[in-house]
Amino acid sequence: MKKWMYAAAGALCLALLVAFMRIGPYGVARLFAWLGRGSDFLYALEDYQRAADEADFTPGAQWRDTQGNLIQAHGGQVQRMPVPDGVGGKKEQYVWIGEDKSNGHFGNCFAVYTSDDLYTWEYHGDALRSIESRKQLAEDDYFAELYASCTEEELDEIYRCINVGTVMERPKMLYCEATDRYVIWFHSDDATEANPSYNYDVGMAGVAVSDSPFGPFRFLRRQRLSRCPKGEIDCYPSSKGEARDMNLFRDADGTGYIVYTSENNKTLYISKLSEDYTGLCAEPESAVAGRDFVRLFPGAMREAPVLAHGDDGRYYLMSSSTTGWMSNQARVWSADSIFGEWQNDGNPCVGESANVTFDTQSTCLFQAPNGQWIYFGDRWNPTDLADSRYVWLPASFKGGRLTISWAERWRWDAP
Ligand code: GAL
C-alpha cells in the first residue's frame, strides 16, 4: 500500500471517530435503523447509553435511586456531611433530604439519600415520618419507642403537628458537632379554627432531632420565629413571627442560621440558631435585630430562600417570588456579612427561560467535590406532585455575581 493510502485510511478513521463522538451511539443506531433493531450491537449501544444517562445530570428528567425507584426528595437540600460509617465511626458523604411526595401534597415524610459522586443515590428510608392516626403513636413500635417518654398531652401535640393532613415542607438538616446530633427544621403548617379552609394558617417552623441522618427523627415542637422590630412597619401585624418556606445555613465558624419567609410571605428573615441548632439563639420576644436576626426586603414577597457563602467570600441569598407551584423569576441579593447590607443583584439566571428560573423554584446551592457550584431547583408538577422533577444546573460566583445557566446534560467532573 502506498503512503497516501495509509494517510487516507487514517484520516477516514479519524473522521468516523469524530462523527461517532458528535452524533453519539444513538445517532449511529439511527443511521442503521433501516436494518431493524435485532442486532446485539445496537442493544449493547442502548445499554451503554442508559449507563451514560445514569452518570449524568439530566435536568428535568426522572431520576431514580440505586434500587430503581424515583427519588422522592422535593424542596430538598444536598450537602456534604459526616454520616455513620456502619462500624461505629463517621465518614463524609453527600446527603440529600427532601419531601417524600408519594402521598401527594400533605403529610410528607422526609426521605434521606446518600451519594459519593452526586450521580447515584442510595435511599435510606423516611428519616422523619408523618403520623396516620393518634392511635398509631401508641400501637406502632416505631412511634411508641420514639416517643416513649412523652405524656399524653405531648403526644396529642405531636400528632396535631405532624399528622398526614398537615403541611410538612422544605426540610433541611444540620449536623451539630457539639452534640453529635442531626437536626431538621421544616415548614410546619395547617388550617386553624379561625381559617379552616386554608392549610397554611399556622405558619410555623418545626424542629426534629436524631442521632443519625437516617433517623428516626424525634419531633420536638413547632414554633414562631423572629418578629418585626419596633419602629419598622410590619407587613402582617396580625400574625407575628410566621415562618413558611425556609432553609438552613451553617457558616464556616459553625454558627447555624435559619432563613425563612414571614409576614404572610411578604418579608424574609434570617435568625441565628442556638448552639445545638434546635432553637433560636434568642427568644423572639427578647431577640435584638442586627445581633440575633435580620429582617430583609419588607414587602418584596419572596419565598424558597437559599443562603450560600460564595467562594468569592460574599454571602448570597436567592429566592423565588410567591406563585405557589408555578415558576417565576428568581432574585438574588448579596452581602459581605449575614447581618450586613444586602444588595439586590437581580436575576441570577441567564439564557432561555431565565425569566422563569428555567421553570424551577430554588431550594439549594451546594458544591461538588471539585468546587463546582450546583443550583438545585424544583420543577413542580401540581397535578402529580410526586412526579415533580429536579433541575440541577451549573452555577458560579464570579465578579460578585451568582450566575446560573441552562445545561441539557452535564457532569460536574467533565474534563
Ligand atoms: C410554594 C412553596 C412550596 C409549597 C407551595 C404550595 O410557593 O414554595 O413549598 O408551599 O407553594 O402551594
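Residues numbered from 1 in each chain as written. Predicted model: local features only at pLDDT ≥ 70, side-chain atom pairs only at ≥ 80, totals over all residues. Heavy atoms only, no water.

Draft legend 1. Structural detail: the site of the ligand. Every residue near the ligand is listed here: Glu 169, Arg 170, Tyr 200, Asp 245, Glu 303, Gly 324, Trp 325 and Gln 361. With respect to the ligand, the side chain of Asp 245 contributes an N or O atom lying 2.5 Å from an oxygen atom. A distance of 3.2 Å is found between an oxygen atom of the ligand and a backbone nitrogen or oxygen belonging to Gly 324. Protein burial of the ligand: of its 310 Å² of free accessible surface, 88% is covered by the chains. (Near = heavy atom within 4 Å. Polar contact = N/O pair within 3.5 Å; in protein donor to acceptor, adjacent residues only side chain to side chain. Areas by Shrake-Rupley, 256 points an atom, 1.4 Å probe, with all protein chains shown as cover.)

Draft legend 2. Geometry of the pattern of salt bridges. Enumeration over the complete set of coordinates arrives at 24 salt bridges. One salt bridge connects Arg 170 with Asp 245, and the closest N-O pair in it is separated by 3.2 Å. Residue Arg 170 is located in strand S5 (residues 167-176), and its partner Asp 245 is located in the loop between strand S8 (218-223) and strand S9 (246-250); the two are separated by 75 residues in the primary sequence. Accessibility expressed as a relative area gives 4% for Arg 170, which makes it buried. When salt bridges that share partners are traced, they join Asp 56, Arg 409, Arg 411 and Asp 413 into one network. (Salt bridge = Lys/Arg side-chain N within 4 Å of Asp/Glu carboxyl O. Helix = DSSP H or I, 4+ residues; strand = E, 2+ residues; numbered from the N terminus. Buried < 20%, exposed > 50% of the residue type's maximum accessible area, 1.4 Å probe, protein only.)

Draft legend 3. Expanded view of the nonpolar core. Counting 26 residues, the largest nonpolar core has Tyr 147, Ile 162, Met 173, Ile 184 and Phe 217 as its most contacted members. Those elements that place two or more of their residues in this core are strand S1 (74-84), strand S2 (90-100), strand S3 (109-115), strand S4 (122-128), helix H4 (141-146), helix H5 (152-162), S5 and strand S6 (181-189). Examining the composition of this core, we find that four residues originate from one element, H5, more than from any other. If we ignore the near neighbours within four places in the chain, the residues touching Met 173 are Gln 77, Gln 79, Met 81, Val 95, Ile 97, Val 112, Tyr 182, Val 183, Ile 184, Pro 213, Phe 217 and Leu 248. Ranked by size, the runner-up nonpolar core spans 22 residues in total, among them Ala 73, Trp 121, Phe 366 and Phe 376. (Core = buried A, V, L, I, M, F, W, Y, C linked by side-chain atoms within 4.5 Å. Contact = heavy atoms within 4.5 Å.)

Draft legend 4. Just the environment of Asp 126, in detail. Considering the arrangement of structural elements, one finds Asp 126 in strand S4. Considering only alpha carbons, one finds Asp 126 and Asp 359, 233 residues apart in sequence, at a separation of 27 Å.

Draft legend 5. Structural detail: the confidence of the model for the protein. Residues at a pLDDT of 70 or more form 90% of the protein, whose mean pLDDT is 92. Throughout residues 33-52 the model reports pLDDT below 50, and contacts reaching past four residues in sequence, or to other chains, amount to 13 contacts. (pLDDT = per-residue confidence, 0-100.)

Draft legend 6. Just the packing of aromatic side chains, in detail. One pass over the structure, following the stated rule, counts 33 aromatic pairs. The interplanar angle of 80° and the centroid separation of 5.4 Å between the aromatic rings of Trp 96 and Phe 376 together place this pair among those described as edge-to-face. Here Phe 376 lies in strand S19 (residues 373-379) and Trp 96 lies in strand S2, a separation of 280 residues in the sequence. Looking at Phe 376, the relative accessible area reads 0%, which means it is buried. (Phe/Tyr/Trp six-rings, centres within 6.5 Å; stacked < 30°, edge-to-face > 60°.)

Draft legend 7. Representation of H5. Turning to H5, its buried residues number three or more, namely Leu 155, Ile 158, Cys 161 and Ile 162. An end-on view of H5 places all buried positions within 130° of arc, on one side of the element. Set apart from the buried face of H5 by more than 90 degrees, the exposed residues are Glu 152 and Glu 153. Against the buried residues of H5 lie helix H3 (136-139), S5, S6 and S8. (Arc of directions from axis to C-beta.)

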